[in-house]
Structure formats: C-alpha cells, structure tokens
Amino acid sequence: MNEDKNALAIALFTEVMAADQLVRARLSRVLPKGMEISHFSVLNHLAWIADERTPAQLAETLHVTRGAMTNTLGKLEWAGYVHIRPDWDDARRKLVAISPAGRQARDYAVGTVTPVITQMVDKMGAEQVRGAIPILREMRMLLGDES
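Conventions adopted
Positions within a chain are numbered from 1, following the residues in the order the chain's sequence is written. In view of the model being predicted, local features appear only for residues whose pLDDT reaches at least 70, and side-chain atom pairs are presented and counted only at 80 or more, with totals across whole chains, interfaces and linings using the full set of residues. Based on all heavy atoms of the structure, the side-chain values leave hydrogens and waters out of the count. Two strands qualify as a pair provided DSSP detects at least 2 bridges between them. Helical segments are the DSSP runs of H or I of at least four residues, strand segments are the runs of E of at least two, and each set is numbered from the N terminus. For every residue, the accessible area (1.4 Å probe, protein chains only) is compared with the maximum for its type, and the residue is labelled buried under 20%, exposed over 50%, or partly exposed between those bounds. We call two residues contacting when some pair of their heavy atoms lies within 4.5 Å. The definitions used throughout rest on a 1 Å grid laid over the protein atoms alone, on which a cavity is an enclosed set of points accommodating a 1.4 Å probe that cannot get out and a pocket is an open set flanked by protein within 12 Å on both sides along at least five of seven lines; lining residues are those having an atom within 4 Å of a point. Grid points are joined across faces, edges and corners, and a volume is the space filled by probe spheres set on the points. Three categories are distinguished: nonpolar for Ala, Val, Leu, Ile, Met, Phe, Trp, Tyr, Cys and Pro, charged for Asp, Glu, Lys and Arg, and polar for the others, with Gly belonging to the last. By convention a nonpolar core is built from buried Ala, Val, Leu, Ile, Met, Phe, Trp, Tyr and Cys residues, the set being connected through side-chain atoms within 4.5 Å. Orientation is described by lines fitted to C-alpha atoms, with helices fitted over the stretch in contact, and by angles between N-to-C directions that extend from 0 to 180 degrees. Any angle from 65 to 115 degrees is called roughly perpendicular, while one under 35 is roughly parallel, one over 145 is roughly antiparallel, and all others are oblique. Expected span of a helix, by definition, is 1.5 Å for each gap between consecutive residues, and there is one gap fewer than residues. The arc in question is formed by the directions pointing from the helix axis toward the C-beta atoms.

Novice: Provide a residue-level description of the pairing of strand S1 (residues 82–87), including the pertinent values.
Specialist: Where S1 meets strand S2 (residues 90–98), 6 bridges bridge the pair, whose relative direction is antiparallel. Each bridged residue has a counterpart across the sheet, and for Arg85 the counterpart in S2 is Leu95. Counted along the chain from S1 to the antiparallel partner S2, the turn is 2 residues long.

Novice: Outline the environment of Leu31, listing residues and values.
Specialist: Within the fold, Leu31 resides in the loop between helix H1 (2–30) and helix H2 (37–49). On the basis of relative accessibility, which here comes to 8%, the residue Leu31 falls in the buried class. C-alpha of Leu31 to C-alpha of Arg106: the two residues are 75 residues apart in sequence and 9.7 Å apart in space. Apart from the residues within four sequence positions on either side, Leu31 is in contact with Glu36, Ile37, Phe40, Ala109, Thr112 and Val113.

Novice: So what about the layout of surface pockets? Which residues, and what values?
Specialist: Approximately 2500 Å³ is the volume found for the largest pocket. Along the walls of the largest pocket sit 44 residues, with Asp20, Val23, Arg24, Leu136 and Arg140 positioned nearest its centre. At the level of secondary structure, the elements contributing two or more residues to the lining of the largest pocket comprise H1, H2, helix H4 (66–78), helix H5 (100–124) and helix H6 (126–145). Looking at the lining of the largest pocket residue by residue, the class counts come to 28 nonpolar, 10 polar and 6 charged.

Novice: Could you give an account of the nonpolar core, naming the residues involved and the relevant values?
Specialist: Counting 21 residues, the largest nonpolar core has Leu31, Met35, Val42, Leu46, Leu58 and Leu73 as the members making the most contacts within it. Counting residues per element, the ones that place at least two in this core are H2, helix H3 (55–61), H4, S2 and H5. Looking at which element gives the most residues to this core, the answer is H2, with 6 residues. Aside from chain neighbours lying at most four places away, what touches Met35 is Phe40, Leu43, Tyr81, Ala105 and Ala109.

Novice: Could you give an account of the packing of H2 against H4, with specific residues and numbers?
Specialist: Where H2 meets H4, the axes come as close as 10 Å, and the angle between the chain directions of the two elements is 80°. The orientation of H2 relative to H4 falls into the category roughly perpendicular. Between H2, through Ser38, His39, Val42 and Leu43, and H4, the contact on the second element is made entirely by Met69, Thr72, Leu73, Lys75 and Leu76. Looking at the contact of H2 with H4 residue by residue, the class counts come to 5 nonpolar, 3 polar and 1 charged.

Novice: Provide a residue-level description of H4, including the pertinent values.
Specialist: If you check H4, its first and last C-alpha atoms are 18 Å apart, about what 13 residues at 1.5 Å a residue would give, namely 18 Å. If you check which residues of H4 are buried, you get Met69, Thr72, Leu73 and Leu76. Buried residues of H4, seen end-on, are gathered within an arc of 100° and therefore sit on one face of the element. Opposite the packed face of H4, turned more than 90 degrees from it, sit the exposed residues Gly67, Thr70 and Trp78. Where H4 is buried, its residues touch H2, H3, S1 and S2.

See the structure below:
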C-alpha cells in the first residue's frame, strides 16, 4: 500500500513539474522581447493588487529569495516598469509600485499569453479545467504551508 502511495505521489509531481516546464517554455516564447516570466509575475501581481509592496513582501508572495527579487526589481526599474521609493515611515525599507509603462507592458504581455492559455483550455474543455483548479489550488496551499 505504501509503495502505491509513493508511486502516486511521484507520478503527480512528475506531471506537475513537466507541465510547469512546458508552460514556462511556451510563455517565454510569446512574452514581449526582453520580458521574462519573473518580470511578468511581478508586474501582474502589482497590477492585480493596485498597491505598493516591499521587495520582501513581493519575494514572499512569489516564493523567491530576496536576492532574486532584488535582481528582478532592478531590471524592471531600469526598464521603467516599476517605481521604487523609500518608505517614508521606515527609511530602511523601500516600496515598489507598477508604473504606467509597467502596466502597459503587463497588459500587452497578458494579451500575448492569453491565446496560448485559451487554446489549452479549448482543447481540454472548460469543465475539466474548472475541476482541476481547486485541486491545483489546494496543492499550492499545502506546499506553501511547508515554507
């Protein structure tokens, strides 16, 4: 019985990891030139929440190291996609906001990735995708609890 459970767990994670690699590869090909998935993730999050965040908050939310987030934010700031300013209440911290150019780049990127995702949903069927979302969400939450 334990071997069956182990085999099931391995099969599940093999499929999730393979799907992740394929989605990342497909999206990387259609994102605007120079935009990486990490850039899109930050811009998309900032556009979604419509508020400032610290680099540490962004790193935690996107499950990356602070160093990786600092690197990503530096590239986004250089491109003019985010504004980084000191936190006036705590000078040790910085706050990050999406710029108008960043919102435009994010919206354009959404437009380029949406057909790829929509095509997959069309092939799988909306009901099957709807059924998968709660399972994937629960996996994400359980894995996030382990952090």
